[in-house]
Amino acid sequence: MHKQILQSTTIGFINKFTAAVASFILLPLLLKKLGTETYGIWMTIISTVGILGFLDLGIGATLINFISTHTDRLVIARYIKTAYLIQFYFVGAVLLLFVGGFFLST
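Note that this is a predicted model, so its numbers are computed, not measured.

What counts and what doesn't
Residues numbered from 1 in each chain as written. Predicted model: local features only at pLDDT ≥ 70, side-chain atom pairs only at ≥ 80, totals over all residues. Heavy atoms only, no water. Helix = DSSP H or I, 4+ residues; strand = E, 2+ residues; numbered from the N terminus. Rg over C-alpha atoms; globule rule 2.2 N^0.38 Å. Buried < 20%, exposed > 50% of the residue type's maximum accessible area, 1.4 Å probe, protein only. Areas by Shrake-Rupley, 256 points an atom, 1.4 Å probe, with all protein chains shown as cover. Expected span 1.5 Å × (residues − 1). Contact = heavy atoms within 4.5 Å. Arc of directions from axis to C-beta. Patch = residues over 30% accessible without salt bridge, like charges linked within 9 Å, V, L, I, M, F, W, Y side chains within 5 Å. Salt bridge = Lys/Arg side-chain N within 4 Å of Asp/Glu carboxyl O. Axes fitted to C-alpha atoms, helices over the stretch in contact; angles between N-to-C directions. Parallel < 35°, antiparallel > 145°, perpendicular 65-115°, else oblique. Left-handed = near helix turned anticlockwise from the far one by under 90°. Nonpolar A, V, L, I, M, F, W, Y, C, P; charged D, E, K, R; others polar.

1. A few points about the overall build of the protein chain
(1) Moving on: Broken down by element type, the protein chain carries four helices and zero strands.
(2) Moving on: Computed over its C-alpha atoms, the radius of gyration of the protein chain comes to 19 Å, more than 25% above the 13 Å expected for a compact globule of 106 residues.
(3) Moving on: By principal-axis analysis of the C-alpha atoms, the protein chain measures approximately 55 × 40 × 15 Å.
(4) Moving on: Across the 106 residues that make up the protein chain, the buried fraction comes to 9%.
(5) Moving on: Split by element, the accessible area of the protein chain, about 9200 Å² in all, is 74% carbon and sulfur.

Set out below in structure tokens:
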């Protein structure tokens, strides 16, 4: 068990380090290629998508806990479908707010 934890932690650090190095290499190149204004728009879109990943309202953790304690595949499948629908509706509502705010501000 400890070996798996150490291995997962090591892989996680390698993944984060690789992403950081890629960012340090790619971001200056993108800024030069896209220009200041287009780069700002691109960063806004990327940041919004990243934030939406954290706005799952705890559904992911709850779903993992549910799956770990139940064995009936049909019940688990129903809960997964429900979790996806809730997330879809929530993200849709947030996107509608963003779009509405954009058009109201112009």
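2. Side note on helix α4 (residues 73-105)
(1) Moving on: The first and last C-alpha atoms of α4 sit 48 Å apart over 33 residues, in line with the 48 Å expected at 1.5 Å per residue.
(2) Moving on: In this structure, the buried residues of α4 make contact with α2 (36-54) and α3 (59-69).

3. Observations concerning α3
(1) Moving on: Looking at α3, one finds that the buried residues are I59, L63 and F66. For α3, the angular spread of buried residues about the axis comes to 65°, placing them on one side. Facing away from the buried side of α3 by more than 90 degrees, the exposed set consists of I64, N65, S68 and T69.

4. Topic: a nonpolar patch on the surface
(1) Moving on: A surface patch of nonpolar side chains, about 500 Å² in accessible area, is lined by F17, V21, I25, L26 and L29.
(2) Moving on: With respect to the helices and strands, the residue L29 is situated in helix α1 (residues 2-34).

5. Considering the environment of T10
(1) Moving on: Of note, T10 is situated in helix α1.
(2) Moving on: In this structure the C-alpha to C-alpha distance between T10 and V49, which are 39 residues apart in sequence, comes to 26 Å.

6. Some points on the packing of α1 against α2
Relative orientation and spacing of two packed helices are given, respectively, by the angle between their axes and the distance between those axes.
(1) Moving on: Contact geometry for α1 and α2: axes closest at 7 Å, N-to-C directions at 130°. Comparing their axes, α2 and α1 come out oblique. Regarding α1 and α2, the two cross each other, and that crossing is right-handed. Note on element contacts: α2 touches α1 through T36, T38, Y39, W42 and M43, opposite L27, L30, L31 and L34.
(2) Moving on: Class assignment of the residues belonging to the contact of α1 with α2 gives a composition of seven nonpolar, two polar and no charged.

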